[in-house]
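What follows is each chain in one-letter form.
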Amino acid sequence: MGHRRHGPLRAILQFAIVGGVALATRASFADQYTVPSGSMEPTILVGDRIVVNKAAYGLRVPLTHTWLARFDEPRRGDVVVLQADTDDVLLKRVVAVGGDLVGVRDGHVWIDGARIDDPAVPPAPGGPDFGPAVVPHGKLLVLGDNRGNSRDGRTFGWVDRDAVIGRARAVILRDGHPSYTPL
């Protein structure tokens, strides 16, 4: 009879533990996002659902910006999810890292005086020009792939490395259909 009396309490406790583990996993290891804008077109489309590896660059205490361990640094070409100063979560491509001399002219990126053409990223021309300027250490320059229609680092400046939430790994849903398109 005593076992039955504790049944609902035990079930609530088990549910709370499972929910806590799921929340910590989502906050620290992986998550998914629906893309709200066309700033990354044609690579990623409005409405695409992407999966993000939040542990790609290290582990954080869940629901904080405190690092437990760092494994790697964002690199040129990585598509990242970041927390903007406006509290918006943005999806952008890292085009320059600390120490790079970077410029953007008519949508094309120049690093240390050489034009960088990535066949996986057909940049749309346009948008504001930027630089040349040296990226401070601990900072990144991020751009949308749709260079002519993207609110990105040319507008809001350098992004602190710690603002990066994780690395986008793949589109998993496009036009309402399951998909797997690596990023």
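It should be noted that the structure appears before, not after, this text.
Basis of the calculations
- Residues numbered from 1 in each chain as written.
- Predicted model: local features only at pLDDT ≥ 70, side-chain atom pairs only at ≥ 80, totals over all residues.
- Heavy atoms only, no water.
- Helix = DSSP H or I, 4+ residues; strand = E, 2+ residues; numbered from the N terminus.
- Buried < 20%, exposed > 50% of the residue type's maximum accessible area, 1.4 Å probe, protein only.
- Contact = heavy atoms within 4.5 Å.
- Pairing = 2+ DSSP bridges.
- Axes fitted to C-alpha atoms, helices over the stretch in contact; angles between N-to-C directions.
- Polar contact = N/O pair within 3.5 Å; in protein donor to acceptor, adjacent residues only side chain to side chain.
- Phe/Tyr/Trp six-rings, centres within 6.5 Å; stacked < 30°, edge-to-face > 60°.
- Salt bridge = Lys/Arg side-chain N within 4 Å of Asp/Glu carboxyl O.
- Core = buried A, V, L, I, M, F, W, Y, C linked by side-chain atoms within 4.5 Å.

Some words on the overall build of the protein
Scanning the protein from N- to C-terminus turns up two helices and 14 strands. The 183 residues of the protein split such that 37% are buried. Here the contacts in the protein between residues at least 6 apart in sequence split such that 55% fall between residues at least 24 apart.

With respect to the sheet that holds strand S7 (residues 101-105)
Spatially, the four strands line up as an open sheet ordered S9-S8-S7-S10, and their pairing is antiparallel. Two strands close off the open sheet at either side, each with one partner strand: strand S9 (114-116) and strand S10 (130-134). Averaged over neighbouring strand pairs, the angle between their axes works out to 25 degrees when direction is ignored. With three bridges joining them, S7 and S10 adopt antiparallel strand pairing.

Overview of the pairing of strand S11 (residues 139-143)
For S11, the tally of buried residues reaches four of five residues, placing the bulk of the element in the interior. Across four bridges, the pairing between strand S6 (residues 89-97) and S11 is antiparallel. Within S11, the position partnered with Arg-93 by the bridge is Leu-143. Examined bridge by bridge, S11 and strand S12 (residues 159-160) share two bridges and lie antiparallel to one another. In the sheet register, Leu-140 faces S12, and the bridge partner there is Val-159.

Overview of the side chain of Asp-145
With respect to the helices, strands and loops of the structure, Asp-145 is situated in the loop between S11 and helix H2 (153-156). For Asp-145, a relative accessible area of 1% corresponds to the buried category. Among the polar contacts listed, one links the side chain of Asp-145 to the side chain of Arg-93, at a separation of 2.8 Å.

With respect to the packing of aromatic side chains
One pass over the full model with this rule turns up one aromatic pair. Ring geometry for Phe-130 against Trp-158: centres 5.4 Å apart, planes inclined by 85 degrees, an arrangement best described as edge-to-face. Within this pair, whereas Phe-130 is found in strand S10, its partner Trp-158 is found in the loop between H2 and S12, the two being separated by 28 residues in sequence. The class for Phe-130 is buried, based on a relative accessible area of 14%.

A word on the side chain of Arg-93
By the secondary structure assignment, Arg-93 is in strand S6. By relative accessible area, Arg-93 is classed as buried at 9%. For Arg-93, the side chain forms a polar contact with the main-chain oxygen of Gly-77, separated by 2.8 Å.

Re the pattern of salt bridges
Scanning the model with the defined rule gives 12 salt bridges in all. For the salt bridge of Lys-54 with Asp-31, the shortest nitrogen-to-oxygen distance reads 3.5 Å. In this pair, Lys-54 sits in the loop between strand S2 (49-53) and strand S3 (58-60) while Asp-31 sits in strand S1 (residues 30-34), placing the two residues 23 residues apart along the sequence. The two residues Lys-54 and Asp-31 agree in class, both being buried.

Side note on the nonpolar core
The biggest cluster of nonpolar side chains holds 13 residues, and the ones touching the most others in it are Val-80, Leu-82, Val-94, Leu-140 and Val-142. Mapped by element, the contributors of at least two residues to this core are strand S5 (79-83), S6 and S11. The element contributing the most residues to this core is S6, with three residues.

Focus on the pairing of strand S8 (residues 108-111)
With four bridges joining them, S7 and S8 adopt antiparallel strand pairing. Residue pairing across strands places Val-102 opposite Ile-111, the latter belonging to S8. Counting the residues in the hairpin turn of S7 and S8 gives two residues, including Asp-106, whose phi is positive at 50 degrees. With three bridges connecting them, S8 and S9 associate as antiparallel partners. The partner of Ile-111 across the bridge, within S9, is Ala-114. Linking S8 back to S9 in an antiparallel pair, the connection comprises two residues, with Asp-112 at a positive phi of about 50 degrees.

Keep in mind that these numbers describe shape and distance, not what the molecule does.
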